[in-house]
Amino acid sequence: MENNKEVNNTKEVKEVKETKKTFRRNNDAKKNLLEEKVISISKVTKVTKGGRHFRFKADVAVGNRKGLVGIGTGKANEVSEAIKKAIQAANKNVVKISLIDNRTVPHDETGKVGRSVVLIKPAKEGRGIIAGGAARAVLELAGVKDIVAKSLGANTQVNVAKATLVALQKQRTPEHIASLRGKKVEEL
């Protein structure tokens, strides 16, 4: 009887290990599908008693151009290491955004991070991405094809990118609102 329990336990352990392996494989495959764009690289100085210590800070956006996008930051002694760390952080922060017809956002929205404010508006088909700098990078990686974006506050690259992501996360489709209200889309 005890021998039978041990056999069952070893089978369960093997199953758990196999599912962990497949999860890792699927997770790695998802990360490989994401494109990355460097938003900014800056030199950071730490002044100590012994002198100045220089490091590099990198901000990276990742996305699959189909509704998944994320932003990450990394610091290291070398630029390449900082970018690697930023990509890892961005992959952990990937979020799904709502798109209409896989090309634009459902409604106007503002996102605010720090003193940076970004306004995004839907645009007609064929208009393209009308945005500048960091906002454009995030919108392109998110897969938005027609949109108008305006940075209204401070123009810090990182905060503009994060504010754009916040505005994209606030988007709600008519189907989502109807499900929250317990109605059909036609009743709205």
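Preceding this paragraph is the structure being described.
Once a new chain begins, its residue numbering starts again from 1 and follows that chain's sequence as written. It should be noted that, the model being predicted, local features are given only for residues of pLDDT at least 70 and side-chain atom pairs only at 80 or more, the latter also being counted only at that level, while totals for whole chains, interfaces and linings use all residues. Side-chain figures throughout are based on the complete set of non-hydrogen atoms in the structure, without hydrogens or water.

A. Layout of helix 2 (residues 79-92). By definition, any uninterrupted DSSP run of H or I lasting at least four residues is a helix, any uninterrupted run of E lasting at least two residues is a strand, and each is numbered from the N terminus. Residue count minus one, scaled by 1.5 Å, sets the expected span of a helix. Its 14 residues place the ends of helix 2 20 Å apart at the C-alpha level, agreeing with the 20 Å of an ideal helix rising 1.5 Å per residue. Residues of helix 2 that are buried: A82, A86, I87, A90 and N91. Three exposure classes are used, based on accessible area relative to the maximum for each residue type with a 1.4 Å probe and protein chains only: buried under 20%, partly exposed in between, and exposed over 50%.

B. Region of the structure containing the sheet that holds strand 6 (residues 116-122). Whether two strands pair comes down to DSSP finding at least two bridges between them. Read from one edge to the other, the open sheet built from four strands follows the order 5-6-8-7, with strand pairing classed as mixed. Two strands in the sheet have a free side with no partner beyond their single neighbour: strand 5 (109-113) and strand 7 (129-130). With two bridges joining them, strand 7 and strand 8 (residues 147-151) adopt parallel strand pairing. Its bridge partner being in strand 8, I130 is matched across the sheet by V148. Between two residues, a contact is recorded if the distance between any of their heavy atoms is within 4.5 Å. Every axis in this analysis is a line fitted to C-alpha atoms, fitted for helices over the stretch in contact. Angles between the N-to-C directions lie between 0 and 180 degrees. Helix 4 (residues 157-169) rests against strand 5, strand 6 and strand 8 of the sheet, and its axis sits at about 140° to strand 5.

C. Main features of a positive patch on the surface. On the surface, K46, R55, K75 and K85 cluster together into a patch of positive charge. Relative to the elements of secondary structure, K46 occurs in strand 1 (residues 35-48). Two joining distances apply to patches: 9 Å for like charges and 5 Å for nonpolar side chains (Val, Leu, Ile, Met, Phe, Trp, Tyr), and every residue must have over 30% relative accessible area and no salt bridge. Areas reported as accessible are Shrake-Rupley estimates using a 1.4 Å probe. Residue values count occlusion only from the protein chains shown. What makes a salt bridge here is a side-chain nitrogen of Lys or Arg within 4 Å of a carboxyl oxygen of Asp or Glu, nothing more. Residues counted as positive are Lys and Arg, residues counted as negative are Asp and Glu, and His and the chain ends are not counted. Just so you know, the charge point we use is NZ for Lys, CZ for Arg, CG for Asp and CD for Glu.

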